[in-house]
Amino acid sequence: MPSLVFPSLVRDEVLEQHVELRGLLERAIVDATPQRSASSELDSEGLGATARELCARFRAHLAFEEDALARVFAVLDAWGPERVRNLHDDHARQRQEFDALLGMFESGGDVELLAVALRNLAVDLLRDMEEEEDRLGVGLMSADSLSVERR
C-alpha cells in the first residue's frame, strides 16, 4: 500500500527549526566572545550550559531531519540514495563535533579555549545550515506530496 511524504511541509519545518537554532547559535557566539571591557569575563559555567543546550537541541534537530528528510530524499529523484548518504555523513560529522566540544567542557581547561571552540562550532553550524537551505531550494522540495510504494 502506498504512503505519502510531504516535501514542502518537511522543508518548511526544517526551515522553521533553523530559525530557532540560528538564534541559539547567535547567542552562543555572543556568549563566547570576550567583551572589550576589563570588567567582563568569560563564564565557564555559562558557556558549558550554552554548549550543552546547543548540542541537545541540534541532536533533536538532526534526528528530525534523519527521519523526515531521509524519507523525502529517498523518493524525491534518482539522487535520493546519495542525498540520504550525504545527510547521514554530515550528521555523523556534526555529532562528533558535539561530542568533542562537550568533552572539552567536561574536562575543564582554559575558558578562552573553550569559548573559541564553542564559537567555531557555532559558526560552522551556521554555515552548514545555510548550505542545507540552499540544497532544500523551493524547486527541489516544492511537491505537496509524493506517493511511496512499499515493497
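Residues numbered from 1 in each chain as written. Predicted model: local features only at pLDDT ≥ 70, side-chain atom pairs only at ≥ 80, totals over all residues. Heavy atoms only, no water.

Some points on the nonpolar core
Phase 1: With 25 residues, the main nonpolar core has L25, L54, F58, F98, L101 and L118 as its most contacted residues.
Phase 2: Among the secondary structure elements, those contributing two or more residues to this core are α1 (7-31), α2 (44-76), α3 (80-107) and α4 (111-135).
Phase 3: Sort the elements by how many residues they give to this core and α4 lands first, with nine residues.
Phase 4: Discounting residues that sit within four places of it in the chain, L25 has contacts with L54, F58, A122, L125, L126 and M129.
Phase 5: Grouped together as the second largest cluster of nonpolar side chains are 12 residues, A68, V72, L76 and L136 included. (Core = buried A, V, L, I, M, F, W, Y, C linked by side-chain atoms within 4.5 Å. Buried < 20%, exposed > 50% of the residue type's maximum accessible area, 1.4 Å probe, protein only. Helix = DSSP H or I, 4+ residues; strand = E, 2+ residues; numbered from the N terminus. Contact = heavy atoms within 4.5 Å.)

Considering the pattern of salt bridges
Phase 1: In total, this model carries 15 salt bridges according to the counting rule given.
Phase 2: Among the salt bridges present, the one from D90 reaches R135, with a minimum N-O distance of 3.7 Å. In this pair, D90 sits in helix α3 while R135 sits in helix α4, placing the two residues 45 residues apart along the sequence.
Phase 3: Take R135: its relative accessible area is 45%, and that puts it in the partly exposed class.
Phase 4: Note that D128 and R93 form a salt bridge whose closest N and O atoms lie 3.0 Å from each other. (Salt bridge = Lys/Arg side-chain N within 4 Å of Asp/Glu carboxyl O.)

Some points on the packing of α2 against α3
Phase 1: Packing of α2 against α3 leaves a shortest axis separation of 10 Å and a crossing angle of 165°. For the element pair α2 / α3, the angle class is roughly antiparallel. Handedness of the α2/α3 crossing: left-handed. (Axes fitted to C-alpha atoms, helices over the stretch in contact; angles between N-to-C directions. Parallel < 35°, antiparallel > 145°, perpendicular 65-115°, else oblique. Left-handed = near helix turned anticlockwise from the far one by under 90°.)

Notes on the confidence of the model for the chain
Phase 1: In this model, the chain carries a mean pLDDT of 88, and residues with pLDDT of at least 70 account for 85%.
Phase 2: Per-element confidence in the chain is highest for α3, whose mean pLDDT is 96, and lowest for strand β2 (residues 146-148), whose mean pLDDT is 49. (pLDDT = per-residue confidence, 0-100.)

Remarks on the layout of surface pockets
Phase 1: By volume, the largest pocket amounts to about 340 Å³.
Phase 2: Lining of the largest pocket is provided by 24 residues; of these, N86, L87, D90, E132 and R135 occupy positions nearest its centre.
Phase 3: Put simply, the parts of the chain that give the lining of the largest pocket at least two residues each are α2, α3 and α4.
Phase 4: At eight residues, the largest contribution of residues to the lining of the largest pocket is made by α3.
Phase 5: Here the lining of the largest pocket is composed, by residue class, of 10 nonpolar, five polar and nine charged. (1 Å grid on protein atoms, 1.4 Å probe; cavity = no way out; pocket = protein on both sides within 12 Å on 5 of 7 lines; lining within 4 Å. Points joined across faces, edges and corners; volume = space filled by probe spheres on them. Nonpolar A, V, L, I, M, F, W, Y, C, P; charged D, E, K, R; others polar.)

Looking at the packing of aromatic side chains
Phase 1: Scanning all chains against the criterion turns up one aromatic pair.
Phase 2: Ring plane angle 50° and centroid distance 6.0 Å describe the contact between F58 and F98, whose orientation is recorded as tilted. Linking F58 in helix α2 with F98 in helix α3, this pair joins segments that are 40 residues apart in sequence. Like F98, F58 is buried. (Phe/Tyr/Trp six-rings, centres within 6.5 Å; stacked < 30°, edge-to-face > 60°.)

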